[in-house]
Amino acid sequence: MPNVDVLVVGAGPAGAVAAWQAKQAAPELDVVLLERDRAVGAPVRCAEGVGDAGLREFANPDGADWVSRRVTDVILEAPDDTQVVLADCGLGWILDRTRFDAFLAAEAASVGADVLVGGEAIGMSRNGDDRWHVRVKQRGTDEVYRARVVIGADGVETMVGRWAGLDTRVPSRDMESCAQYVLQGIDFNPDAIYLQFSNAIAPGGYAWIFPKGVGVANVGLGLVALKTDGRNARQYLDAWIARRFPNGARTGYTVGGVIVHTTIKKTYADGVLVAGDAAHMINPLSGGGINNAMKAGRLAGCTAAAAIREGDTSERRLSAYHTAWMNLLGEDHLKYYRLKQALEHMDDAFLNSLARTVNKVAREKRTLGRVMTHALIKHPQLIPVVARFFV
C-alpha cells in the first residue's frame, strides 16, 4: 500500500490547485493528484467563463493557449428579448477548460506532485490508524493509498465528503439542471456574454451565450426542475435555440448539475478537507465556480501542508480551513443566496418592464447597481432582503 502525505481526489481547478499549493508549500511531502477520467479537463461540464481578477491570482491569461475569448461586455436580456447593455462590468475570459485544467495539473506536476489519470477512488476508510485508506481502481486493478490527508475535490457528486461523514446533501430547490451546446455559425457580439432571465425560457435559472470566437459560443441554460412544466433542461434549451439560432450548427453538447446553495456547514473532518463544487463553494446567484474553486483549493492545499508539518491532522486543526474560507467568500455567498431567493419573486412581465425602464438611463450610467435600484422602486417588498445583503 503506497503511503502518501496528501491525496487529492479530482483534478479540476480545485483539486489541481490544492495539489500544486500543498507541494509548493511543503516540497518534502508526497502529494498525489488523482483524476477519474482518462484525461484532465475532459469532458467539459461548464460554460467556461471567469472574471479577470480572480483568474490572475493563479495564471496570466494574456496570450495563453487555454483562453478562448476575452470578454468586455455584459448584456442582460428580458423574457421578450429586450437587451440591456451594462456599463462598468470589468474584464472577463472564456476559457478552453480542456487546456486550462491540463495547465493547472501541469503546474502541480512541475513542483513535484504526482498526477494519476484514469484512477477512480471507490472507497475510503480509517481502519483504526492515523491514515485514510483509499481504494483506487486503475486499469482494472485495485490499489490502496494510505494518506495522512485526503482532499476531496470530486465535484457535485462528491463521495469523499460522504465517506468522511460530512453532510453534502443539496435541497432540490437549490440544484439546477444544465444543458449546453457549442453552436457554430451564429450571429452575436463576440465580445459580450449574454444572460437571459425568464421563467418561460429557464424557470428558476437563466440562459446564456458565452463567446468562444466570432460566430462560435457556448449556448446553454440552467433551470430548477421543481419549477418546470415537465420538460428537462435539454428540451428547454432546444426550444430556446430553435427560436434564437435556428440555423446554428451544434458541434458539442454537455449536461450537468450546478449547486446554487451555500457552502456546506462543515468542510473538514479528521484528515479530510473538501473543496470546490464538492463543498458547494459556488456563487449561488450566478452559478460561477471556477475562480472560487481555485481559491478553495489554495486554502485546502496550504492548510493540509501546514497541518502535516505540525504533526496534527485532526478535525480541530483542519477546521482553520473552513474558517478561512468563510471569511474569504463563504459569508458573501450567504448574502448572495438571500438575494437569489428575493429575485425569484420577479415574474416575466416585471422583468420586461424593468428592462425597458433601465434602457431609459444613459448607457454609460447603466450599471448593475442602477438595475437593482429600479427593481426596488417597482418591488419595494425586496428592500428588507436587499438591505440585509448589503449590511
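All of these numbers come straight from a predicted model, not from anything done at the bench.

Cut-offs applied
Residues numbered from 1 in each chain as written. Predicted model: local features only at pLDDT ≥ 70, side-chain atom pairs only at ≥ 80, totals over all residues. Heavy atoms only, no water. Helix = DSSP H or I, 4+ residues; strand = E, 2+ residues; numbered from the N terminus. Axes fitted to C-alpha atoms, helices over the stretch in contact; angles between N-to-C directions. Left-handed = near helix turned anticlockwise from the far one by under 90°. Contact = heavy atoms within 4.5 Å. Nonpolar A, V, L, I, M, F, W, Y, C, P; charged D, E, K, R; others polar. Buried < 20%, exposed > 50% of the residue type's maximum accessible area, 1.4 Å probe, protein only. Pairing = 2+ DSSP bridges. Phe/Tyr/Trp six-rings, centres within 6.5 Å; stacked < 30°, edge-to-face > 60°. Lys NZ or Arg CZ within 6 Å of the ring centre and 35° of its normal.

## A few points about unusual backbone geometry
- Positive phi is not limited to glycine here, since Asn-127 has a value of about 60°.
- With respect to the helices and strands, the residue Asn-127 is situated in the loop between strand S9 (119-125) and strand S10 (132-138).
- With a phi angle near 50°, Arg-139 is a residue other than glycine that sits in the positive phi range.
- Within the secondary structure, Arg-139 sits in the loop between S10 and strand S11 (141-152).

## A few points about the packing of helix H1 (residues 13-25) against helix H6 (residues 290-310)
- Across the interface, H1 lies against H6 with an axial gap of 7 Å and an inter-helix angle of 35°. Pair H1 / H6 crosses with right-handed handedness. Where H1 abuts H6, its residues Pro-13, Ala-14, Val-17, Ala-18, Gln-21, Ala-22 and Ala-25 lie against Ile-290, Ala-293, Met-294, Gly-297, Arg-298, Gly-301, Cys-302, Ala-305 and Arg-309.
- Its residues assigned to classes, the contact of H1 with H6 shows eleven nonpolar, three polar and two charged.

## Topic: the pairing of S10
- In terms of residue burial, S10 counts as a mostly covered element, since five of its seven residues are buried.
- Across six bridges, S9 lies against S10 in antiparallel orientation. Each bridged residue has a counterpart across the sheet, and for Gly-119 the counterpart in S10 is Gln-138.
- With antiparallel pairing between neighbouring strands as the criterion, S9 and S10 make up a hairpin whose turn holds six residues, including Asn-127 at a positive phi of roughly 60°.
- Inspection of the sheet shows S10 paired to S11 by seven bridges, in the antiparallel sense. Bridge pairing in S11 links Arg-135 to Val-144.
- Hairpin remark: S10 followed by S11, antiparallel, with two residues in the connecting loop; positive phi at Arg-139, about 50°.

## Observations regarding the sheet that holds strand S13 (residues 192-196)
- Ordered in space as S6-S5-S13-S14-S15-S12-S16, the seven strands form an open sheet in which the pairing is mixed. The sheet terminates laterally at strand S6 (83-85) and strand S16 (249-259), the two strands that pair on one side only. Looking at each pair of strands side by side, their axes are set apart by 20° on average, direction ignored.
- Two strands pair when backbone bridges link them, and strand S12 (residues 175-184) and strand S15 (residues 216-224) are joined in this way by nine bridges, in the antiparallel orientation.

## Concerning the environment of Ser-353
- With respect to the helices and strands, the residue Ser-353 is situated in helix H8 (residues 348-358).
- Taking the C-alpha atoms as reference points, Ser-353 and Ala-78, separated by 275 residues in sequence, lie 8.6 Å from one another.

## Some points on the packing of aromatic side chains
- Scanning the entire structure with this criterion turns up seven aromatic pairs.
- Relative to Tyr-194, the ring of Phe-188 lies with its centre 6.5 Å away and its plane at 80°, an arrangement referred to as edge-to-face.
- Classification of Phe-188 as buried rests on a relative accessible area of 11%.
- Three or more aromatic residues joined by ring pairs make a cluster, and in this case those are Trp-66, Phe-100 and Phe-103.
- Across from the ring centre of Tyr-236, 3.9 Å away, lies the NZ or CZ of Arg-231, which sits over that ring.

Functional significance is not addressed by these values, which are geometric in nature.
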